[in-house]
Amino acid sequence: MTKGESGKGLSRRAFLGLGAAAAVAGATGLAGCAPSAKEGAGSTVEGGTTTGAAAGGSFTEFTPSFLNPPEPVDESKVTETVDADVCVVGLGLAGVCALREAADAGVKVVGLEKGPDVGYRSGEFGTFGSEIHKQLGIEQPETQEVVNELMRVMGNRPNAQLLNYWIANSGPDLDWYIGTAEHELLTSDHDAPADPEKPYVFPERCPVNESYNWREENYPCFPGMVHLLPDHGWAMHGTLEAAQAAGAEARFNVKGEQLIKEGDRVTGVYASDEDGNIIRVNAKLGVVLSTGDISSNAEMLAYYAPQATKYGVFFSSMDKEGKPVNTGDGHRMAMWAGAVMEDGPYAPMTHSLGTNSIGINPYLMVNQDGKRFANEDVGAQELQNAIKRQKGGVSYQIFDSKWKEQLSAMPQCFGGVTHYIPPEQEAEYEHAINHFAAGYASDTYFQSEIDAGSIIPGDTIEELAKAVDIPADALVATVERYNELAHAGKDTDFSKTPKRLFPIENPPYYIVPFGDSGMLVLIGGIDCDVDCRALDAEKNPVPGLFVAGNTMGGRFLVDYPVTVAGASHSMAMSFGRLAGRNAAAGK
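This is a predicted model, so every value here is computed, not measured.

K.L.:
Summarise the overall build of the protein; cite the residues concerned and give the values.
P.N.:
Regarding its fold elements, the protein presents 16 helices and 22 strands. Residues classed as buried in the protein amount to 62% of the 587 residues present. As displayed, the protein has an accessible area near 21300 Å², and 48% of this comes from carbon and sulfur atoms.

K.L.:
Requested: an account of the environment of Ala250, with residues and values cited.
P.N.:
In this fold, Ala250 is placed in strand β9 (residues 249-252). Measuring from C-alpha to C-alpha, the distance between Ala250 and Cys87 comes to 9.8 Å, with 163 residues separating the pair along the chain. The residues touching Ala250, leaving out its near neighbours within four places in the chain, are Leu91, Leu99, Gly111, Leu240 and Gln244.

K.L.:
Describe the sheet that holds strand β19 (residues 509-514), with residues and values.
P.N.:
Strand order in the open sheet made by the four strands is β14-β15-β19-β18, with antiparallel pairing throughout. Two strands bound the open sheet, and with one partner strand each, they are β14 (364-366) and β18 (456-458). Across the sheet, the mean angle from the axis of one strand to that of its neighbour is 30°, orientation sign disregarded. The sheet contact formed by strand β15 (residues 395-400) and β19 spans six bridges and is antiparallel. Considered in β19, the bridge of Ile398 is made with Ile511.

K.L.:
Can you lay out the sheet that holds strand β5 (residues 124-126) for me, pointing to particular residues and giving the numbers?
P.N.:
The strands making up a sheet associate through backbone hydrogen bonding, with each pair oriented either parallel or antiparallel. Taken together, the four strands give an open sheet; going across it, the order is β5-β8-β7-β6, and neighbouring strands pair in mixed fashion. Edge positions in the sheet fall to β5 and β6 (184-185), since each of these pairs with one other strand and no more. In terms of strand pairing, strand β7 (residues 200-203) meets strand β8 (residues 225-229) through four bridges, oriented antiparallel. In the sheet register, Val201 faces β8, and the bridge partner there is Leu228.

K.L.:
Now, about helix α3 (residues 93-104): what can you tell me, with residues and values included?
P.N.:
Taking 1.5 Å of rise per residue, the twelve residues of α3 would be expected to cover 16 Å, and the 17 Å separating its terminal C-alpha atoms lies within 8% of that figure. Along α3, eleven of the twelve residues are buried, which leaves the element largely enclosed by surrounding structure. Those residues of α3 lying buried are Leu93, Ala94, Gly95, Val96, Cys97, Ala98, Leu99, Arg100, Glu101, Ala102 and Ala103. The positive-phi residue at the C-terminal boundary of α3 is Gly106, with phi of around 90°.

K.L.:
So what's going on with the pairing of strand β3 (residues 78-89)? Residues and values would help.
P.N.:
As judged from the ten bridges shared by β3 and strand β12 (residues 278-289), these two strands associate in the parallel manner. Bridge assignment links Val88 to a residue of β12, and that residue is Val288. Note: β3 against strand β4 (residues 109-113), four bridges, orientation parallel. Following the sheet pairing, Val88 is matched in β4 by Gly111.

K.L.:
Talk me through the state of the cysteines; I want residue IDs and the actual numbers.
P.N.:
When the sulfur atoms of two cysteines share a covalent bond, that bond is a disulfide. Evaluated as defined, the whole model comprises zero disulfides. Residue Cys532 stays outside any disulfide, its sulfur separated by 5.6 Å from that of Cys528, the closest cysteine. Assessed through its relative accessible area of 0%, Cys532 is described here as buried.

K.L.:
Let's hear about a negative patch on the surface: which residues, and what values?
P.N.:
On the surface, a cluster of negative charge is contributed by Asp459, Glu462, Glu463 and Glu480. Within the secondary structure, Glu480 sits in helix α15 (residues 472-488). Looking at Glu480, the relative accessible area reads 52%, which means it is exposed.

K.L.:
Describe the side chain of Arg121, naming the residues involved and giving the relevant values.
P.N.:
Note on placement: Arg121 falls in the loop between β4 and β5. Buried charge without a salt bridge: Arg121, with Asp293 as the nearest opposite-charge side chain at an N-O distance of 6.2 Å. Beyond its immediate stretch of four places on either side in the chain, Arg121 contacts His232, Phe314, Phe315, Ser316, Leu520, Val521 and His569.

Parameters and conventions
- Every residue gets a number counted from 1 within its own chain, in the order that chain's sequence is written.
- Given that this is a predicted model, residues contribute local features only at a pLDDT of at least 70 and side-chain atom pairs are listed and counted only at 80 or more, while totals for whole chains, interfaces and linings are drawn from all residues.
- Processing note: side-chain calculations cover all non-hydrogen atoms of the structure and skip hydrogens and water entirely.
- Numbering goes from the N terminus for both helices and strands, where a helix is a DSSP run of H or I of at least four residues and a strand is a run of E of at least two.
- Working definition: with a 1.4 Å probe on protein chains only, accessible area under 20% of the residue-type maximum means buried, over 50% means exposed, and in between means partly exposed.
- Computed by Shrake-Rupley with a 1.4 Å probe, the accessible areas treat only the displayed protein chains as cover when residues are assessed.
- Contact between two residues is taken to exist if any of their heavy atoms lie within 4.5 Å; hydrogens are not considered.
- Any two strands with at least two DSSP bridges between them are considered paired.
- The angle between two axes is taken between their N-to-C directions and runs from 0 to 180 degrees, where each axis is a line fitted to C-alpha atoms and a helix contributes only its stretch in contact.
- To estimate how far a helix should reach, multiply one less than its number of residues by 1.5 Å.
- Put simply, a disulfide is two cysteine sulfurs that come within 2.5 Å.
- A patch consists of residues whose relative accessible area exceeds 30% and which take part in no salt bridge; residues with like charges are grouped when within 9 Å of each other, and nonpolar side chains (Val, Leu, Ile, Met, Phe, Trp, Tyr) when within 5 Å.
- Should a side-chain nitrogen of Lys or Arg be within 4 Å of a carboxyl oxygen of Asp or Glu, the pair is scored as a salt bridge.
- Counting rule for charge: Lys and Arg are taken as positive, Asp and Glu as negative, and neither His nor the chain ends is counted.
- To locate a charge, take atom NZ for lysine, CZ for arginine, CG for aspartate or CD for glutamate.

Right, dumping it as structure tokens:
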């Protein structure tokens, strides 16, 4: 993805952070089903009406409507019956990988997708041990380093065995996934593709800066993310075509409605096509649910993650009616069949990214009162968490004219900018400068962001305060205090590392407003084991039922960690493939 572009709609950086307020306004129409009955809370239906205790009864006794299973399908209304071994419901990244893996196993597999095409966006993959990493000589951490860090930042809530499986298999799975289509591999993050319109793989933050040691960071960002460009579609369609070549059938504009059970075992799916016809798909070996997350179902979102309702929802995959497809269909079908949701708290993906020239670099950050409020040297998700708790959910990043020489000391993290390219080299580094995650800045691009109003210059701190309407006396006092800490070499207020504690005293000065972030997905799913088998309330597998992608649990809880940027895509790929393999084996 280049700056200002995305493969399927709105720019990721524009939506997450700067410009997010406008993006959210456009996305409000996108925001809008059975969890375990032991959970209770109020809920908000799509029209915005709050239900729960106010409607009678206590919150602990409240049962939302989506927990109530629909009436059984009338078999006399079934217009088509399809016999298969495996059925995959939802053909996003996880579903397409499940479809291909099951087909490669030699079983008859049918995939259903309620949208008109496979669902994808972005194309960032955080993986370990692929042929790409070996070819480029990218040093990566040991498995236990990654697992321990992820478990730490997520409160020890995910399933560590799932994380271990993912790290061990994500590299070979990436090789398998992108091997379906011809593509160019760039050898560094400042190389340019021979043809930017044709498929290529971009290694981000490669090589790693000599000054960056993730083992010494307060919030480490592990190296190894690759970006599939110009968008993710070439790998998705290549994998779908490989599945079809192996005998898989894929049907679009077909929505999974209910699971079919014979005794305790899930043996198929009832679905509806775009004309309302009912299709019965028999799947004697198993069903894989990979229908995405719940964030576009307002009732489910309010029930499971009320804190996430404060964010606008952005999801680019739509059905034939132009409605987002991530409405918790798989979650509901699984729960109606006896599975349960994992325990929360669920993780909204809401990270800020800042400007293209400065990113989320840990310069001074203040709120609307002109006061500093956090250690700025954290990941993109953690930064947004702190910003969201400020007045108006906004903040302001402040730095001075020394920014060019300070970039090399900045963390080489997702959303960070670490390289300044002088004017005489801008043409050579054009691709890197224009790529939002590469971390390269230039005078020309910096000036373009001033012209656009994203970066606001001023000769005095008072001018900056006036430009964004925050109290000048408070901002001046904050900057003076920050400079005092910087010269002392110790942040006794918020404990930021001294190596990124730069005084602000060399005009011109600059201020960057950070808008409220939008939410990409709400990560929380069906409880499952290490084989992607859905679990019931007693932690026993529901026979014949598998989950993958954002429909599965056990991967991310509390917060989405950007310590491994692109982990969500990578896990969807690996666990989709695993679920397809295990379903085909009738495991």
